[in-house]
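Fold and geometry: a report
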Amino acid sequence: MRKLMGLALAAGALMVSACNTVEGVGRDVSSAGDTVAKTADGAK
């Protein structure tokens, strides 16, 4: 579980660093949050 969360956080950091606009940051953060939520649901 820790490994999966670490990968999700790393992917989120890469997505945030790749965007150039405030709108892009919002989409990236939302996408990362969705990924973490899906991962958490899958681990139940």
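In short, a report on the structure. (Residues numbered from 1 in each chain as written. Predicted model: local features only at pLDDT ≥ 70, side-chain atom pairs only at ≥ 80, totals over all residues. Heavy atoms only, no water.)

Counting its regular elements, the protein chain contains two helices and zero strands. Relative to its full complement of 44 residues, the protein chain shows a buried share of 16%. (Helix = DSSP H or I, 4+ residues; strand = E, 2+ residues; numbered from the N terminus. Buried < 20%, exposed > 50% of the residue type's maximum accessible area, 1.4 Å probe, protein only.)

Take the side chain of Thr39 next. Tracing the backbone shows Thr39 in helix H2 (residues 22–43). For Thr39, a relative accessible area of 16% translates into the label buried. A polar side-chain atom of Thr39 sits 2.8 Å from the main-chain carbonyl oxygen of Thr35. (Polar contact = N/O pair within 3.5 Å; in protein donor to acceptor, adjacent residues only side chain to side chain.)

In this section: the environment of Met5. Locating Met5 in the fold gives a position in helix H1 (residues 2–18). The sequence separation of Met5 and Thr35 amounts to 30 residues, and the corresponding C-alpha distance is 9.8 Å.

Our focus in this paragraph is the environment of Gly12. For Gly12, the location among the structural elements is in helix H1. Remark: the alpha-carbon pair of Gly12 and Ala32, spanning 20 residues in sequence, is separated by 5.1 Å.

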